[in-house]
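Descriptive analysis of the structure
Now for the letters of each chain:
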Amino acid sequence: TPKKELEFMKPSDTGIDVAYKLNPLIGLRALAIKVDGEVVGLEKIVPHGSLVEVLVDMEQIKPDMQWLTFCNIETRKMIERQLALLERDIEVQKGKEVLIEKVLSERGILSLGDLENLTIDSLLMSLGCWDGLSDLYYKVSYGFDLEIIKKKLDELGILKGVYTTVLISGEN
């Protein structure tokens, strides 16, 4: 490890298994490994007693699906969890865009974050979104009835023509 500690690996562990065992974020960003100074692919089995360095790309934010073909079961679970979270993030963003375009913009709101926290909490609780705004956006991306959201916003006093939010960009 970076602290020169020993890690015990299974005889069948590959470079990607080493990377994920050190840290799932290192695994996520892994490009290759150096085994005793020689650069090899992540699919290579790490020989017993080797000194391993993981080469990473800090810009990489998505695991490679091919890793699932040569990793161990523990690593597979971590990669699948990362892929599921990434998929959820994509759906959350889609839902947020739909909500802004079809519900909020007609009320002069660019983001639910522009409202008071108590109002947001009331909206989320009334819609059964216990995990926050991302829960609401996720539901919207999968077809949650926007008319229900509009009705709840009306009940909370978030009406058309009452709010105006402005997006300001650029330098100070």
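Everything below is about the structure shown above.
Residues numbered from 1 in each chain as written. Predicted model: local features only at pLDDT ≥ 70, side-chain atom pairs only at ≥ 80, totals over all residues. Heavy atoms only, no water.

**Focus on the pattern of salt bridges**
All told, the structure shown has 8 salt bridges when counted by the stated rule. In this structure, glutamate 7 engages lysine 21 in a salt bridge whose closest nitrogen and oxygen atoms are separated by 3.9 Å. On the criterion of sequence distance, the pair formed by glutamate 7 in the segment before helix 1 (15-22) and lysine 21 in helix 1 is long-range, its members being 14 residues apart. With its nearest N and O atoms 3.4 Å apart, the salt bridge here joins glutamate 91 to lysine 94. A residue pair is termed a helical-turn pair when its members lie 3 or 4 positions apart in one helix, as glutamate 91 and lysine 94 do in helix 3 (residues 73-104) at 3 residues. (Salt bridge = Lys/Arg side-chain N within 4 Å of Asp/Glu carboxyl O. Helix = DSSP H or I, 4+ residues; strand = E, 2+ residues; numbered from the N terminus.)

**Focus on the sheet that holds strand 2 (residues 38-40)**
A sheet is described by the order of its strands in space; here 3 strands give the open sequence 2-1-3, paired in antiparallel fashion. Each edge of the open sheet carries a strand with a single partner, namely strand 2 and strand 3 (52-56). On average, each strand axis in the sheet is inclined to that of its neighbour by 30°, with strand direction left out of account. (Pairing = 2+ DSSP bridges. Axes fitted to C-alpha atoms, helices over the stretch in contact; angles between N-to-C directions.)

**Considering the environment of glutamine 66**
Position of glutamine 66 relative to the elements: it lies in the loop between strand 3 and helix 3. Expressed as a C-alpha distance, the spacing of glutamine 66 and glutamate 43, which sit 23 residues apart in the sequence, is 9.3 Å.

**Comments concerning the packing of helix 3 against helix 6 (residues 146-155)**
Two quantities define a packed helix pair, namely the angle between the helix axes and the distance between the axes. With their axes 11 Å apart at the nearest point, helix 3 and helix 6 run at an angle of 60° to one another. With respect to helix 6, the axis of helix 3 lies oblique. Taken as a pair, helix 3 and helix 6 cross one another with a handedness that is right-handed. Two secondary-structure elements touch here, helix 3 through Val98, Leu99, Lys102, Val103 and Leu104 and helix 6 through Leu146, Ile149, Lys150 and Leu153. Taken together, the residues that form the contact of helix 3 with helix 6 break down as 7 nonpolar, no polar and 2 charged. (Parallel < 35°, antiparallel > 145°, perpendicular 65-115°, else oblique. Left-handed = near helix turned anticlockwise from the far one by under 90°. Contact = heavy atoms within 4.5 Å. Nonpolar A, V, L, I, M, F, W, Y, C, P; charged D, E, K, R; others polar.)

**Concerning the environment of leucine 86**
Considering the arrangement of structural elements, one finds leucine 86 in helix 3. Classification of leucine 86 by relative accessible area gives buried; the value is 19%. Separated by 25 residues in the primary sequence, leucine 86 and isoleucine 61 have C-alpha atoms spaced 8.8 Å apart. Not counting chain neighbours up to four residues away, the residues in contact with leucine 86 comprise Ile61 and Lys62. (Buried < 20%, exposed > 50% of the residue type's maximum accessible area, 1.4 Å probe, protein only.)

**Re helix 6**
Of all the residues in helix 6, the buried ones are Leu146, Ile149, Lys150 and Leu153. Relative to the axis of helix 6, the buried residues are bounded by an arc of 100° and lie together on one face. With respect to the buried face of helix 6, the exposed residues turned more than 90 degrees away are Lys151 and Glu155. Tucked into the core, helix 6 has its buried residues touching helix 3, helix 4 (117-126) and helix 5 (133-141). At the N-terminal boundary of helix 6, the capping side chain belongs to aspartate 145, with an oxygen 2.9 Å from the backbone nitrogen of glutamate 147. Residue glycine 157 follows helix 6 closely and has a positive phi angle near 85°. (Arc of directions from axis to C-beta. Polar contact = N/O pair within 3.5 Å; in protein donor to acceptor, adjacent residues only side chain to side chain.)

**A word on the packing of helix 3 against helix 5**
In contact at an axis separation of 7 Å, helix 3 and helix 5 are set at 80° when each is read in the N-to-C sense. Put simply, helix 3 runs roughly perpendicular to helix 5. Along its contact with helix 3, which presents Arg88, Glu91, Val92, Lys94, Gly95, Lys96, Val98 and Leu99, the element helix 5 presents Ser134, Asp135, Leu136, Tyr137, Tyr138, Val140 and Ser141. The residue makeup of the contact of helix 3 with helix 5, split by class, is 7 nonpolar, 3 polar and 5 charged.

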